[in-house]
Amino acid sequence: MTEQQNPTTMEQIISLCRRRGFIFQSSEIYGGLGSCWDYGPLGIEFKNNIKKAWWKANVQMRGDMVGIDCSILMHPQVWISSGHVAGFSDPLVDCKQCKQRFRHDTLQTAVCPDCGGELTEPRQFNLMFKTHVGAVEESASVVYLRPETAQGIFVNFDNVVNSTRKKVPFGIAQIGKSFRNEITRGDFIFRCREFEQMEIEFFVKPGADEEWHEKWLQKRMNFYLDLGVNPAHLHFREHEKAELAHYAKRCVDIEYLFPMGWRELEGIANRADFDLTQHAQGSSKDLSYFDGQERFTPYVIEPSAGVERSFLTFMIDAYREEEVNGEVRTWLKLHPDLVPYKIAVLPLSKKEELNTVAQDIFKRLSKHWACEYDETQSIGRRYRRQDEIGTLYCITVDFDSLQDNAVTIRYRDTMQQIRIPIDKLENVILNKLNGEVFSTFE
Ligand code: GAP
């Protein structure tokens, strides 16, 4: 049996991302900075939509969740209590010849994969970036760029309970940057040094943790399925006891079939009472919880997803190449909630009369939805450009529009075109976005 493979290649995705301004290398004009990336005009729209969809599903639409936004720099004791200073490390080896550094646990050979040189013995290398706060470096205290957003939630547990009166079981969600000094060998944005996490710490009574873990596994899997990811490209993977992180009682990954194989998209861990207990000890503050009958330290279920890996997953899964009239049509079958632009307004020519009408439509629709205005190149080329970035509807203003006050609207998935009155555009698009069938537009 041949191993299952994703039909999309990483080269196709990298090329599209670069060509259309989704992602650029960080500091590219200076030769780039390894595993750091910049998000261009389309990338930021797409990324924001992923975060919005996550926040809506996990915070806005749940009565038992609240959000938080903590600072990236935290008191250094946080990372001692959490175990990161002592144990957040990878085993690394150096090539004695070319001085390249590699992760020992991912090497396939006993010699340098680049030059064949001899390797050093593996040494543990802490992944946290260190810096200093204070005016003079020598006298200032060391701080770390957070390697996960989770700890900001744990140290604010009491603040949130006291200020919101939330009762266990409830959760706190955060989206924000994390930093890890990763040693990587490519795979685009899969493993970065600076990335964004979307994390939930869900606090439950000890004993209810296993049931809540199961619930979150299903809930998080449904998130990707609801946003259109192919079910055959997703599965759960249970962590072996030996690979569990120092804080975890159990951990299950949601893996996606990336072009390089099955890899972690999101981790869903049962962290038990590890973090609250550690911070209570480290800070000498009581972080236990009284539910009216008994006092306990809550257990924590932690669904932790990466924005970049979600970005890659949605894009790889949506990527399509098909032949239309002897030409290759590249298009992104992205879920409507995720597309960078829902609508493109396209005047057929640059003539002023058409531009006036088209600009007016753009102004009206962009109050409600992200729209693009494009008046360059032939209309066929413009449709292809919009397909390639997943735009749902192309609205074309032509010379007939000046007579009949109607425009042509073209739907991405079927390329079907329908003429509709300009004053009905908002209603038509709203109905379509709410799930009405396209052919019922007229
Ligand atoms: N608080 C738990 C935690 O941080 P993790 O498995 O190390 O657990 C959770 O990270 C998620 O964050 C991963 O599933 C992945 O999506 C994302 N992530 C972790 N390290 C990453 C990196 N270097 N680059 C991009 N995403 C990363």
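Refer to the structure above for everything that follows.
To start, this report covers the structure provided alongside it. (Residues numbered from 1 in each chain as written. Predicted model: local features only at pLDDT ≥ 70, side-chain atom pairs only at ≥ 80, totals over all residues. Heavy atoms only, no water.)

**Description of the overall build of the protein**
From N to C terminus, the protein includes 13 helices and 23 strands. By its C-alpha atoms, the protein is 75 × 65 × 60 Å across when sized along the principal axes. Counting across all 442 residues of the protein, residues that qualify as buried make up 50%. If you take every contact in the protein between residues at least 6 apart in sequence, the share linking residues at least 24 apart comes to 64%. If you sum the accessible surface of the protein, you get close to 21,400 Å²; carbon and sulfur atoms cover 49% of it. Counting 54 positive and 64 negative side-chain charges, the protein places the averaged centre of each group 2 Å from the other. (Helix = DSSP H or I, 4+ residues; strand = E, 2+ residues; numbered from the N terminus. Buried < 20%, exposed > 50% of the residue type's maximum accessible area, 1.4 Å probe, protein only. Contact = heavy atoms within 4.5 Å. Areas by Shrake-Rupley, 256 points an atom, 1.4 Å probe, with all protein chains shown as cover. Lys, Arg positive; Asp, Glu negative; His and termini not counted. Charge placed at Lys NZ, Arg CZ, Asp CG, Glu CD.)

**Focus: the site of the ligand**
E148, R180, C192, E199 and E264 are the nearest of the 21 residues found near the ligand. A distance of 3.0 Å is found between an oxygen atom of the ligand and a backbone nitrogen or oxygen belonging to G306. Contact with the protein chains removes 91% of the 550 Å² of surface that the ligand exposes when unbound. Among the secondary structure elements, those contributing two or more residues to the shell around the ligand are β10 (194–204), β13 (261–272) and β16 (299–306). With five residues, the top contributor of residues to the shell around the ligand is β13. (Near = heavy atom within 4 Å. Polar contact = N/O pair within 3.5 Å; in protein donor to acceptor, adjacent residues only side chain to side chain.)

**Regarding the sheet that holds strand β11 (residues 234–238)**
Spatial ordering of the open sheet is given by β3-β9-β10-β16-β13-β12-β11, a layout of seven strands whose pairing is mixed. Two strands bound the open sheet, and with one partner strand each, they are β3 (65–67) and β11. The mean angle between the axes of side-by-side strands here comes to 25°, regardless of whether they run parallel or antiparallel. Pairing of β3 with strand β9 (residues 170–179), which is carried by three bridges, proceeds in the parallel orientation. Paired with V66 across the strands is I172, a residue of β9. (Pairing = 2+ DSSP bridges. Axes fitted to C-alpha atoms, helices over the stretch in contact; angles between N-to-C directions.)

**Description of the pairing of strand β23 (residues 417–421)**
Here β23 shows a buried face lined by I418 and I420 and an unburied face lined by Q417, R419 and P421. When strand β22 (residues 406–411) meets β23, the two strands line up antiparallel, connected through five bridges. For A406, the partnering residue across the bridge sits in β23 and is P421. The antiparallel hairpin formed by β22 and β23 contains five residues in its connecting segment, where M415 sits at a positive phi of about 60°.

**Some thoughts on the sheet that holds β22**
What the five strands build is an open sheet, ordered β20-β19-β21-β22-β23; its pairing is mixed. Lying at the two open borders of the sheet, with one neighbouring strand each, are β20 (371–373) and β23. Across the sheet, the mean angle separating the axes of adjacent strands is 25° when strand polarity is ignored. Across the sheet, helix α13 (residues 425–433) lies against β19 (343–347), β21 (393–397), β22 and β23, angled at about 160° from β21, the strand it touches most.

**Describing the pairing of strand β18 (residues 327–332)**
Bridging between strand β17 (residues 319–324) and β18 involves six bridges; their strand directions are antiparallel. Bridge pairing in β18 places Y319 opposite L332. The turn joining β17 and β18, which pair antiparallel and follow one another in sequence, is formed by two residues; a positive phi near 50° is taken by N325.

**A few points about the layout of surface pockets**
Empty space among the atoms can be located by rolling a probe the size of a water molecule over them. In this structure, the second largest pocket occupies an estimated 670 Å³ of space. Residue lining of the second largest pocket: 24 residues in total, with K52, A53, K56, H335 and D337 positioned closest to the centre. Breaking the lining of the second largest pocket down by element, the ones donating at least two residues are α2 (41–60) and α7 (209–226). Examining the composition of the lining of the second largest pocket, we find that seven residues originate from one element, α2, more than from any other. (1 Å grid on protein atoms, 1.4 Å probe; cavity = no way out; pocket = protein on both sides within 12 Å on 5 of 7 lines; lining within 4 Å. Points joined across faces, edges and corners; volume = space filled by probe spheres on them.)

So, to be careful, I would describe these as geometric facts and stop short of saying anything about function.
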